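Observations on chain architecture
This is what each chain is made of:
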Amino acid sequence: MSFSQNHISSYKDIKHRCSYRTQEQSSKQMEGVRNQQVILKDYVNGFPKESDMLLKTSSITPFKLPQGSNAVLVKNLHLSCDPYMRGRMSKNQGSYVDSFTPGSPIVGYGVSKVVDSGHSNFKKDDLTWGGTGWEEYSFIPNPDTLFKIQDTDVPLSYYTGILGMPGMTAYIGFHEICAPKKGEYVFVSAASGAVGQLVGQFAKLTGCYVVGSAGTKEKVELLKNKFGFDEAFNYKEEHDLNAALKRYFPQGIDIYFENVGGKMLEAVLLNMRLNGRISVCGMISQYNLEEGEGVKNLFCLINQRIRMQGFIAVDHYHLYSKYVEMVIPLIKEGKICYVEDIAEGLESAPAALVGLFSGKNVGKQVVVVARE
């Protein structure tokens, strides 16, 4: 399952495709409902700024799906800020996900409550996670991009993170692609983020030795004291990343979970062990560059017989139920923890998203639009 701008539509779009219900609608429905939205003003070059987005208030009238619609109308509760969204803010070609449309609401992952449904799989008051708009209410013409939330004994916001796309990313990249073995040496970059914190804990539960890198002293302490990493270091304080990795991995690295790219990847390649594995889910150091950096030391892939594989979580959503069966008991038993950085209100969303690219967030960045 994947989603794009086309999966999130305005009411006007749906109105043209479907016939109206009868004119006998309640006065409340006819009055309409306010819908605050986060709009992308124009395509972005370089580092994104809050001013690249604006808050706009419109209204939905009538507040009801047209007759014959297969869509759902949802009230958004939690929105997910994810690094991959930076690429969607630029006009790009050949990417696995569409660019945002300037003048329209940003779209991403979120947790929502169904207000009205024309789809047989969803009914009023169902809770869902999946693709939605950065707005108070969204019409979703293709509800096949949504997962119905079954377990509500955990925080709903977890479905933007550990129980959503980032959790699946950590699980697929570490367990399915890297196939870890007890006693192996694991390195995780951007280790305190939404994905990295989980990879480190999955590795410890597997019996691996784990080191993570992060960008502040606070995050380094979090990795060691909260998430149980064996060691961690602040990459900003290391003048020689190759030397730093040799200090923490004198015997080399078996598994590298790649979130950063650039100079970090170059250093890791020099420190990989024979038959090492690298899973690549992101390269945040490259997202704001007008021209990406080349990577040196690729000859190590041959010398050390390294397997390096990029992947996208949506290609593996057929394994979601398997993942949930594994991770929910670990959450409830306190064997795994998840740290979130909560921003309150839709008006805080632009700053929260932009903050990802300067490392302001500690843990998974979530925007709370409304609380149940």
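As recorded in an unreviewed UniProt entry, the protein chain goes by the name Enoyl reductase (ER) domain-containing protein, listed as coming from Lactuca virosa.

**Re the overall build of the protein chain**
Across its full length, the protein chain carries 11 helices and 15 strands. Relative to the globule expectation of 21 Å for 372 residues, the C-alpha radius of gyration of the protein chain, 22 Å, shows essentially globular dimensions. Its C-alpha atoms put the protein chain at 75 × 45 × 35 Å along the principal axes. Counting over 372 residues, the protein chain shows a buried share of 58%. Partitioning the contacts of the protein chain with sequence separation of at least 6, the portion at a separation of at least 24 is 71%. Total accessible area computed for the protein chain in this model is approximately 16300 Å², and 48% of it derives from carbon and sulfur atoms. Averaging the coordinates of the 40 positive side-chain charges in the protein chain and doing the same for the 39 negative ones gives two points 1 Å apart.

**Quick notes on helix α8 (residues 262-269)**
Of all the eight residues making up α8, seven are buried; the element is thus mostly covered by neighbouring parts of the structure. Considered for burial, the residues of α8 that qualify are Gly 262, Met 264, Leu 265, Glu 266, Ala 267, Val 268 and Leu 269.

**A look at the nonpolar core**
By size, the foremost hydrophobic cluster in this structure holds 82 residues, and its most contacted members are Ile 162 and Leu 163. Residues in contact with Leu 163, not counting those within four places in the same chain, are Trp 129, Val 154, Tyr 158, Tyr 320, Val 327, Ile 328 and Ile 331. Of all hydrophobic cores here, the second largest spans 22 residues; its members include Leu 241, Ile 253, Tyr 256 and Met 264.

**Looking at the side chain of His 78**
Along the polypeptide, His 78 turns up in strand β3 (residues 72-80). Sequence-distant contacts of His 78, that is, excluding residues within four places in its chain, are made with Tyr 109, Gly 110, Val 111, Leu 156, Ser 157, Thr 160, Val 366, Val 367 and Val 368.

**Some thoughts on the packing of aromatic side chains**
Within this structure, the stated rule accounts for 17 aromatic pairs. Aromatic pair Tyr 185 and Tyr 209: ring centres 5.8 Å apart, planes at 65°, arrangement edge-to-face. Of this pair, Tyr 185 sits in strand β8 (residues 185-188) while Tyr 209 is found in strand β9 (residues 209-214), placing the two residues 24 residues apart along the sequence. Geometrically, the ring pair formed by Phe 187 and Phe 249 is edge-to-face, given 6.0 Å between the ring centres and 75° between the ring planes. Here Phe 249 lies in the loop between α7 (241-248) and β11 (253-258) and Phe 187 lies in strand β8, a separation of 62 residues in the sequence. Looking at Lys 148, its charged tip hangs above the ring of Phe 122, at a distance of 5.9 Å from the centre.

**Some details on the pattern of salt bridges**
Under the defined criterion, the tally for this structure stands at 17 salt bridges. For Asp 52, the salt bridge identified is with Lys 49, shortest N-O distance 3.6 Å. Residue Asp 52 is classed as buried on the basis of its relative accessible area of 13%. Look at Lys 49 and you get partly exposed, because its relative accessible area is 44%. Arg 273 is the salt-bridge partner of Asp 254, the closest N and O atoms lying 3.3 Å from each other.

**What about the UniProt feature "domain: Alcohol dehydrogenase-like C-terminal" (unreviewed entry) in the protein chain?**
According to UniProt, the "domain: Alcohol dehydrogenase-like C-terminal" (unreviewed entry) feature falls on residues 194-325. Across residues 194-325, the secondary structure splits into 36% helix and 22% strand, with the terminal C-alpha atoms separated by 20 Å.

**What to know about the confidence of the model for the protein chain**
Taken as a whole, the protein chain shows an average pLDDT of 90; of its residues, 91% reach a score of 70 or greater. A low-confidence stretch, residues 10-30 (pLDDT under 50), is modelled with 36 contacts involving residues beyond four sequence positions or located in other chains.

**Digging into the environment of Gly 87**
Looking at the element boundaries, Gly 87 is found in helix α3 (residues 85-88). In this structure, the C-alpha to C-alpha distance between Gly 87 and Gly 345, residues 258 residues apart in sequence, is 24 Å.

**Points about the state of the cysteines**
By definition, a disulfide links two cysteine residues through a covalent bond between their sulfur atoms. Taken as a whole, this structure holds zero disulfides when the rule is applied. Counting only cysteine sulfurs, Cys 281 is the nearest neighbor of Cys 81, a cysteine outside any disulfide, at a range of 17 Å. For Cys 81, a relative accessible area of 2% puts it in the buried group.

**Some points on helix α5 (residues 196-206)**
The element α5 is largely enclosed, with a buried count of eight among its 11 residues. Residues Gly 196, Gln 197, Leu 198, Val 199, Gly 200, Gln 201, Phe 202 and Ala 203 constitute the buried set of α5. Those residues of α5 that are buried lie in contact with α4 (165-177), β8, β9, β11, α10 (320-332) and β15 (364-368). One or two residues past the end of α5 sits Gly 207, with phi positive at roughly 95°.

Rules used in this analysis
- Residues numbered from 1 in each chain as written.
- Predicted model: local features only at pLDDT ≥ 70, side-chain atom pairs only at ≥ 80, totals over all residues.
- Heavy atoms only, no water.
- Helix = DSSP H or I, 4+ residues; strand = E, 2+ residues; numbered from the N terminus.
- Rg over C-alpha atoms; globule rule 2.2 N^0.38 Å.
- Buried < 20%, exposed > 50% of the residue type's maximum accessible area, 1.4 Å probe, protein only.
- Contact = heavy atoms within 4.5 Å.
- Areas by Shrake-Rupley, 256 points an atom, 1.4 Å probe, with all protein chains shown as cover.
- Lys, Arg positive; Asp, Glu negative; His and termini not counted.
- Charge placed at Lys NZ, Arg CZ, Asp CG, Glu CD.
- Core = buried A, V, L, I, M, F, W, Y, C linked by side-chain atoms within 4.5 Å.
- Phe/Tyr/Trp six-rings, centres within 6.5 Å; stacked < 30°, edge-to-face > 60°.
- Lys NZ or Arg CZ within 6 Å of the ring centre and 35° of its normal.
- Salt bridge = Lys/Arg side-chain N within 4 Å of Asp/Glu carboxyl O.
- UniProt positions renumbered as here; feature names shortened; annotations may be inferred.
- pLDDT = per-residue confidence, 0-100.
- Disulfide = S-S within 2.5 Å.

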